[in-house]
Amino acid sequence: MTNDQMAEFQQLLSGVLSFYGAPPTTFARTVWWEACKPFELEAVRRAFTAHATDPERGQFTPKPADVVRQLAGTASDRANAAWRKVLTAAGQVGAYTDVVFDDPAIHAAVADLGGWPKLCRTEQDQLGYVHHRFLEAYKTHSTRGVADFPSRLLGDRGSDELFAKRGLPPPKPVLIGDKDKAQAVLTAGQAQRPAGPQ
């Protein structure tokens, strides 16, 4: 949501909480706004309705975490979605190509696991273990926020200098997921040097 939608959001929030007999305090309004601000107003409105009609949770006054869970899923849901994206890319792109995902937490988690080529070359009997390690690393990075992450996940290729010696530009990375978000990750991340032959 944008700041000019704050009044409309506050009106929606007041209506929802009065439905439950719980008028919001100033502190509660601030917490609700910060929790819901990353989402579209209409999506928040639908999440409130989904909570109110949930047979198990709908009888209780919603908390910001209830609405965020409706909108974004749990940390485990997001980590598993990221893992599926990584596995798909590994199968389609492979270990020799640089990749840039649309989520810096994926970059940080893959770096924790030893890098893109190592992950792509995981043996089938080790996949369950690597999956578990990825989920834990991803949840940690996405929950606390990612400050340092590689701008791209380097493939197993020659160095940029080797390409330059041959008069060739270094290969461009493959952008995975939302192209604009992946470009933002590429711009914001830390540069690395390929470890390939000189």
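Here goes a summary of the coordinates provided. What you see is a predicted model, and the numbers here were worked out from it, not measured in a lab. Throughout this description, residue numbers start from 1 for each chain and increase along the sequence as written. Confidence filtering applies because this is a predicted model: local features only for residues at pLDDT of at least 70, side-chain atom pairs given and counted only at 80 or more, and all residues used for totals across whole chains, interfaces and linings. The side-chain values count all of the structure's non-hydrogen atoms but skip hydrogen atoms and water molecules.

### Points about the environment of valine 100
Inference 1: Each helix corresponds to a stretch of at least 4 residues labelled H or I by DSSP, and each strand to a stretch of at least 2 residues labelled E; elements are numbered beginning at the N terminus. Tracing the backbone shows valine 100 in strand E1 (residues 99-101).
Inference 2: Throughout, a contact is declared for two residues whenever any of their heavy atoms are within 4.5 Å. Sequence-distant contacts of valine 100, that is, excluding residues within four places in its chain, are made with His107, Ser151, Arg152, Pro173, Val174, Leu175, Ile176, Ala182, Val185 and Leu186.

### Section: the pattern of salt bridges
Inference 1: Just to be clear on terms, a salt bridge is a Lys or Arg side-chain nitrogen sitting within 4 Å of an Asp or Glu carboxyl oxygen. Throughout the structure, instances matching the rule amount to ten salt bridges.
Inference 2: With its nearest N and O atoms 3.2 Å apart, the salt bridge here joins glutamate 42 to arginine 45. A residue pair is termed a helical-turn pair when its members lie 3 or 4 positions apart in one helix, as glutamate 42 and arginine 45 do in helix H3 (residues 41-52) at three residues.
Inference 3: For glutamate 42, a relative accessible area of 44% gives the class partly exposed. The rule is simple: take the accessible area with a 1.4 Å probe, protein chains only, and divide by the maximum for that residue type; under 20% is buried, over 50% is exposed, in between is partly exposed.

### Examining the packing of aromatic side chains
Inference 1: In this scheme Phe, Tyr and Trp rings, the latter by its six-membered ring, pair at centre separations within 6.5 Å, and the angle between planes marks the pair as stacked below 30 degrees, edge-to-face above 60, and tilted otherwise. Evaluation of the coordinates by the stated rule reveals six aromatic pairs.
Inference 2: Centroid distance tryptophan 32 to phenylalanine 48: 5.4 Å. Interplanar angle 45 degrees. Geometry classified as tilted. Here tryptophan 32 is found in helix H2 (residues 26-36), whereas its partner phenylalanine 48 is found in helix H3, with 16 residues between them in sequence.
Inference 3: Overall, the relative accessible area of 4% leaves phenylalanine 48 in the buried class.
Inference 4: Taken together, the aromatic side chains of Trp83, Phe134 and Tyr138 make up a single cluster linked through ring pairs.

### Some thoughts on the side chain of histidine 107
Inference 1: You can see histidine 107 is positioned in helix H6 (residues 104-112).
Inference 2: With a relative accessible area of 0%, histidine 107 lands in the buried category.
Inference 3: Not counting residues within four places of it along the chain, the set of residues in contact with histidine 107 comprises Val99, Val100, Phe101, Phe149, Pro150, Ser151, Arg152, Leu153 and Val185.

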